[in-house]
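Coordinate analysis (summary)
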Amino acid sequence: MPEPARFLPSISDAPTPEPTRGVKFTRRGFFAGLGMTGAASVLAACSTAEDSASTAGNGGAGDGASIRKIDFDGPHQAGIREDSQNHALLVAFNLKRDGLPRDGLKKNLERLMRIWTGDARSLTQGQVALADLEHELSIAPQNLTVTAGWGPKLIKDADLIGAAPSWVKKNLNGLPKFKGDKLDPDFGGADVVLQICGDDLTAVSHAARVLTRGGRDYATPKWTQRGFVDSPTGETPRNLLGFKDGTAIPRTDEEYDEAIWDDQGGSAMVVRRVVFDMPGWEQLDRKSREVVFGRHADTGAPLGAKDEFDSVDLNKTGDDGLPLIDERSHVGITAGEGTHMRRRAYNWDNEVTPLGNSGLIFICFQADPDEAFTPLQKRLAEKDRLNTWITHVGSAVFWVLPGTQNGAYWGQEILEG
């Protein structure tokens, strides 16, 4: 099993020096200490910075015509229904509990949500977050979204279980373990998760740092998972096994209302870390791989069909009278389940090794995991031929909070209700 991803110092909870306070420099005193040569250099540097800022507003990275934003406020959080951005960074946190009074956890959760919501709202809209001294890194957010969720145990410990969907109480210890799971606790459940996605990797990384720093008094990072997808022509993204991933998903308002959003406007977020056996997979020829998936590798169409979005016909047979789609293929088991979950998976890889060291961050959203992900994953774990080449090593579930309106913070109605 590959080593679990660890936080780099840039996103850790290590103390950060506070800005110097009470020290002021006057323009006259500053230049007096430099002399003429030094003063000229400083003025030249300032002129360059001003020119750069001007360029950013006239065709550079900050050009209004090229900046792409996704609304932060709305009935549901962003980062679920939207098309997958190129980059994803998931960060899970545990709240600090030592020495807190009975209601201290809830109060600190409220403080954390106030801070994070304000910063996330600013970052996603290309505005300056509180105490952000490197705001140029996200001046062009490029479809940046930040999606927040709470873990079931946190909800219980903060005495909020009565305000949460019923599935939360049934999954206080996380999702059940499935056949074949080799779960690493380092990628297990946590109190809070932030899913940070965007098309600009710098903006995504900077947002993670700003939010981690802003919440350091209340929360400590537990794990991080970085992922990527690419679909330059607007097609369905592909996983690292070579097949399209995300063909069957809900697409209409009715499908989302029926299966993805809960009664409060939130959703259940499942995160599963999957490792691929790349050397073993690479021993299969192309036709064998298509049998395993039940789809054509090039078009993504179900076997026996021509188009990616053609209906899956499990009764269609070939000239030999046998079904074209194996009932134990991935599609053979999942057919008809696509609109019950919003798949939003991302590829991951680490250092290049003979074993490949890569896989999938499987992310899906649904109103109730007990009715969508869990029963389907149980069938897949029992029968899916793909299990020979994949191993689930991480598992977590979170309640993604309803969206925000009019400057409210995440979970405000729940925390103040």
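First, a word on what this report is: a plain description of the structure on this page. (Residues numbered from 1 in each chain as written. Predicted model: local features only at pLDDT ≥ 70, side-chain atom pairs only at ≥ 80, totals over all residues. Heavy atoms only, no water.)

1. Some points on the pattern of salt bridges
For side chains bearing opposite charge, pairing can occur when the charged atoms are close. Note the cut-off: When a carboxyl oxygen of Asp or Glu lies within 4 Å of a side-chain nitrogen of Lys or Arg, that pair is called a salt bridge. Secondary structure elements are taken from DSSP: a helix is a run of H or I of four residues or more, a strand is a run of E of two residues or more, and numbering for both begins at the N terminus. Think of it in three bands: with a 1.4 Å probe and only protein chains considered, a residue is buried below 20% of the maximum accessible area for its type, exposed above 50%, and partly exposed in between.
For the structure shown, the criterion picks out 17 salt bridges. In this structure, Arg 121 and Asp 73 form a salt bridge, with 2.9 Å as the shortest nitrogen-oxygen distance. A residue pair is termed long-range when its members are at least 10 positions apart, and Arg 121 in helix α3 (residues 104-124) and Asp 73 in the loop between α2 (35-56) and β1 (87-95) qualify at 48 residues. Judged by relative accessible area, which is 18%, Arg 121 ranks as buried. Exposure remark for Asp 73: the relative accessible area of 30% places this residue in the partly exposed category. We note a salt bridge from Lys 244 to Glu 308, for which the minimum N-O separation is 3.2 Å. On the criterion of sequence distance, the pair formed by Lys 244 in the loop between β4 (219-228) and α7 (253-259) and Glu 308 in the loop between α9 (286-293) and α10 (330-334) is long-range, its members being 64 residues apart. Residue classification places Lys 244 among the buried residues on the basis of a relative accessible area of 15%.

2. Let's talk about helix α6 (residues 201-214)
What counts is decided by this rule: Expected helix span is given by 1.5 Å per residue-to-residue step, counting one fewer step than there are residues. We call two residues contacting when some pair of their heavy atoms lies within 4.5 Å. Definition of a polar contact: a pair of N or O atoms within 3.5 Å, with one able to donate and the other able to accept a hydrogen when the atoms are protein atoms, and with sequence-neighbouring residues admitted only if both atoms are side-chain atoms.
End to end, α6 covers 20 Å across 14 residues, agreeing with the expected 20 Å (1.5 Å per residue, within 8%). Buried residues dominate α6, accounting for ten of its 14 residues. In this structure, the buried side of α6 is in contact with β1, α3, β2 (145-150), β3 (192-198) and β4. Between the side-chain oxygen at the start of α6 and the backbone nitrogen of Thr 202 there is a gap of 3.1 Å, and the oxygen is on Asp 200.

3. What about the environment of Leu 360?
Take Leu 360: it is sitting in strand β8 (residues 358-366). With 120 residues separating them in the primary sequence, Leu 360 and Leu 240 have C-alpha atoms 7.9 Å apart. With sequence-adjacent residues up to four places away left out, Leu 360 is seen in contact with Asn 239, Asp 245, Arg 272, Arg 273, Val 274, Phe 276, Arg 343, Ala 345, Tyr 346, Asn 347 and Trp 348.

4. Description of α9
Here is the rule: The arc in question is traced by the directions running from the helix axis to the C-beta atoms.
Turning to α9, its buried residues number three or more, namely Glu 290, Val 292 and Phe 293. The buried residues of α9 all sit within an arc of 155 degrees when viewed along its axis, so they share a single face. If you follow the buried residues of α9, they end up packed against α8 (278-281) and α10. Two residues or fewer after α9 comes Gly 294, characterised by a positive phi angle close to 85 degrees.

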